[in-house]
Amino acid sequence: MKLKTHDRLVEHIADDLFEFANADTDNSEIAGYSNYSYWRSTVQVFLKNKTAVLFLGVIVILLLFTMIQPVLPNQKDPTFIHINPETFMQFRNVKPGTEFWFGTNAIGQDLWARIWSGTRTSLLIGFAVGLFEVVIGIIIGTLWGYVKKLDRIITEIYNVWNNIPTTVILILLTYIFRPSLSTLIFAMAITGWLSMARLVRNLVTIIRDREYNMASRCLGTPTYRILTKNMLPYLVSVIMLRVALAIPMAIGAEVFLTYIGLGLPVQIPSLGNLVNEGRVLMMSQSLRYQLFFPAIVISMITISFYVMGNAFADAADPKNHV
Amino acid sequence: MSERKKLLEVKNISVVFGSRKKAFTAVDDVSFDIYEGETFGLVGESGSGKTTIGRAIIRINAITSGEIIFEDERISGKIDKKKDKKVVQDIQMIFQDPMSSLNERAKVDYIVSEGLYNLKNYANDAERKKIVDEALLEVGLLPEFSSRFPHEFSGGQRQRIGIARSLVMQPKFIIADEPISALDVSIRAQVLNLMNRLKKDLGLTYLFIAHDLSIVRFITDRVGVIHKGRLVELAETEELYNNPLHPYTRSLLSAIPMPNPNYEKSRKVIFYDPDQHHYDIEAPKWVEIKKGHFILANQPEIDTYKTMLESNIKGE
């Protein structure tokens, strides 16, 4: 019975309302041009992380400000000792106020100017050491991990080099040269690349014998192209994290070296020198501001790079690209 | 058969991994020839050394002894640059796992043209693009795909990208290392048919490494059976499947699943016990027991295999 009703219904439907759609297997594979781009997706994922963007803003503002600060109006010289014209005495330990925004230190230098000048020096050290670490670390690390013949030699060199404490190298260097900005950068650079190289080496060793690298070798791809096309793109996220940490670590190392007396000479303001000066006065409550201000700047730099580095490492991993 | 040209000769090769104290012999004194235009199968259980043989031929793994001859020239050991380039171009490999054999951070365009960049046998970038597009079409993919990354493809498509990558080199000989074992059953036929078509169209020769015996029967012309790094039997495919002589071959063949419940009910799986050979009394030799049918056996075994062969023929 039911079938008949159905048939009757079908008879009333006009044929021209429908047409056959032909399945085309070739067509089904066309899903349009893919415009996926690795770096664009990385940036997009990074920008979605609001905290990271905030800290990126902090760093950008800090960098810009340290650069333009000396040319702003009403800025004082960071090394000039201010003398009170009435008493002919230095403005010692003046509290933060309208004249000296961050106060003055024990010999009457303007802390505000010193902090920005110091930040400039410390960031320069950070970026220089970080850059050196990355370039040398990556070149040596990839060769160390990929070229089996070099493995033994570089491992031995690493073992020897790594067993000489950084402090000893620094003491030697300060004896040979005079303590200066370039000595400090040089000393931190020649020891800092070791850990970067080892990290890269370990990562390369992990992915060296994956099948796609074997395929490249079967196609006769030269080593340098395997390294740049097959290896480094896989390491971007981890390397980025390391780079982001290398900069605050270099700044921190500078602070430490100044503390033990091997850092920059006192006349060059740096965050290390400022923290060191502030540390002496830490116990007296009224003078604590001399430690707080440089410490706040260091914390801001360190936290910003750390958060940004983590966020960027996540963003650079294509597994997190939607 | 003898008038056919030998493309590849593998002569008594051994591959030993590790140093003297912890040496592990992965391939032990293996010899076989591959003729031009045929598909030669290598079967054996996991860890038997089939992949190592394939990798030794394409020179990923160095051989410890013996030699490999390709087109009447030795390609194992140290060879000069010109020959090296020629071997790279002529011998290519299709890998087992399409998920790990493509560079995830490179576009299909780069993956397929990687070999071209190395050979630099194209005049300009437009010509390279053209070769890539043709290779993609050849394996049933669209030229538009070259702008994509591997993770945007299915397993079967990825395997075809891998095939396209080796095709741009215009190879004569392709080593297919379990090219379908990582693929879904539904797309295995797709890749196998593609390989067969390419063989006919481009006159390729294959070394097909597999452990799926029904597929080996479908695609190969001759088969070698390998066990613990030693070749135990080698014959034309139909001959081997009809007259398996070596107990290990028979054990393998008895394990092929059949979509037939009646057969499955009465299946007798032959268990292979290497102790049955008594090779300590008389060492085995690699003998041609019948024309084109080789087997690893000692004298008493040769006699029993011969009677088995005769009774098989009578039975037919």
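Computed from a predicted model, the values in this text were never measured in an experiment. (Residues numbered from 1 in each chain as written. Chains lettered and ligands numbered in written order. Predicted model: local features only at pLDDT ≥ 70, side-chain atom pairs only at ≥ 80, totals over all residues. Heavy atoms only, no water.)

Caption draft 1: Examining helix H11 (residues 271–280) of chain A more closely. All names here are of chain A. Within H11, seven of the 10 residues are buried, which leaves it mostly tucked inside the rest of the structure. Residues Leu-271, Gly-272, Asn-273, Leu-274, Val-275, Asn-276 and Gly-278 constitute the buried set of H11. Elements that come into contact with the buried residues of H11 comprise helix H5 (111–146), helix H10 (223–259) and helix H12 (289–315). (Buried < 20%, exposed > 50% of the residue type's maximum accessible area, 1.4 Å probe, protein only. Helix = DSSP H or I, 4+ residues; strand = E, 2+ residues; numbered from the N terminus. Contact = heavy atoms within 4.5 Å.)

Caption draft 2: Seen up close, the domain arrangement of chain B. All names here are of chain B. Domain annotation of chain B identifies domain 1 (6–228) and domain 2 (243–316). The straight-line distance from the C-alpha centre of domain 1 to that of domain 2 is 30 Å. Between domain 1 and domain 2, the residue contacts involve nine residues of the former and eight residues of the latter. Carbon and sulfur atoms make up 73% of the surface buried where domain 1 meets domain 2, a total of about 660 Å² over both sides. Together, Leu-213, Val-225 and His-227 form the three largest contributors to the area buried by domain 1 at its contact with domain 2, with a combined 65%. At the junction of domain 1 with domain 2, the criterion picks out zero salt bridges. Where domain 1 meets domain 2, there are one residue pair in polar contact (both at pLDDT 80 or more). If you list the elements that add at least two residues to the side of domain 1 that touches domain 2, you get helix H7 (213–219) and strand E9 (222–227). No other element matches the three residues that E9 contributes to the side of domain 1 that touches domain 2. Taken together, the residues of the side of domain 1 that touches domain 2 sort by class into four nonpolar, four polar and one charged. (Domains from an automatic or database assignment. Buried area = accessible area lost by both parts, 1.4 Å probe. Salt bridge = Lys/Arg side-chain N within 4 Å of Asp/Glu carboxyl O. Polar contact = N/O pair within 3.5 Å; in protein donor to acceptor, adjacent residues only side chain to side chain. Nonpolar A, V, L, I, M, F, W, Y, C, P; charged D, E, K, R; others polar.)

Caption draft 3: Focus on the interface of chain B and chain A. Between chain B and chain A, the contact holds 33 residues from the first and 26 residues from the second. Summing both sides of the interface, chain B and chain A together bury roughly 2700 Å²; the carbon and sulfur share of this comes to 53%. Here chain B is connected to chain A by zero salt bridges. Linking chain B to chain A there are 14 residue pairs in polar contact (both at pLDDT 80 or more).

Caption draft 4: Summary view of the nonpolar core. Residue and element names in this part refer to chain B. Formed by 56 residues in total, the largest nonpolar core has its most connected members in Val-112, Ile-161, Ile-163, Met-195, Phe-208 and Tyr-241. Here this core spans two domains, since at least three of its residues come from each of domain 1 (6–228) and domain 2 (243–316). Discounting chain neighbours no more than four positions away, the residues touching Phe-208 are Thr-39, Phe-40, Gly-41, Leu-42, Ala-176, Pro-179, Leu-192, Met-195, Ile-215, Ile-219 and Thr-220. Formed by 35 residues, the second largest nonpolar core is a distinct cluster that contains Leu-8, Ile-68, Val-87 and Ile-175. (Core = buried A, V, L, I, M, F, W, Y, C linked by side-chain atoms within 4.5 Å.)

Caption draft 5: Main features of the packing of helix H3 (residues 38–48) of chain A against helix H4 (residues 50–68) of chain A. All names here are of chain A. Closest axis-to-axis distance for the H3/H4 pair is 5 Å, and the angle between their directions is 95 degrees. Of the possible angle classes, the one that applies to H3 and H4 is roughly perpendicular. Of the residues in H4, those touching H3 at Phe-46, Leu-47 and Lys-48 are Lys-50, Ala-52, Val-53 and Leu-56. (Axes fitted to C-alpha atoms, helices over the stretch in contact; angles between N-to-C directions. Parallel < 35°, antiparallel > 145°, perpendicular 65-115°, else oblique.)

Caption draft 6: Layout of the environment of Asn-124 of chain B. Examined against the element boundaries, Asn-124 of chain B turns out to sit in the loop between helix H3 (108–119) and helix H4 (125–138). A distance of 2.9 Å separates the side chain of Asn-124 of chain B from the backbone nitrogen of Glu-127 of chain B, its partner in a polar contact.

Caption draft 7: Region of the structure containing the sheet that holds strand E12 (residues 293–297) of chain B. Residue and element names in this part refer to chain B. The sheet built from eight strands is open, its strands ordered E6-E7-E8-E3-E9-E10-E12-E11 with mixed pairing. Of all strands in the sheet, those with a lone pairing partner are strand E6 (91–94) and strand E11 (285–290), marking the two edges. Going from strand to strand, the sheet's axes swing by 20 degrees on average, the running direction of each strand aside. Bridge analysis of E9 against strand E10 (residues 230–236) gives six bridges, and the strand direction is antiparallel. Looking at the pairing, His-227 lines up with Arg-230 of E10. Packing against the sheet, helix H1 (residues 50–57) makes contact with strand E3 (39–43), E6, strand E7 (173–177), strand E8 (205–210) and E9, and its axis sits at approximately 150 degrees to E8. (Pairing = 2+ DSSP bridges.)

Caption draft 8: Fine view of the sheet that holds strand E4 (residues 65–70) of chain B. Residue and element names in this part refer to chain B. Across the sheet, four strands lie side by side as E2-E1-E4-E5; this open sheet has antiparallel pairing. A strand with exactly one partner marks an edge of an open sheet, and here the two such strands are strand E2 (24–35) and strand E5 (73–74). Where E4 lies against E5, two bridges are found, and the strand directions are antiparallel. Residue Phe-70 lies in a different strand from E5, and its bridge partner there is Glu-73.

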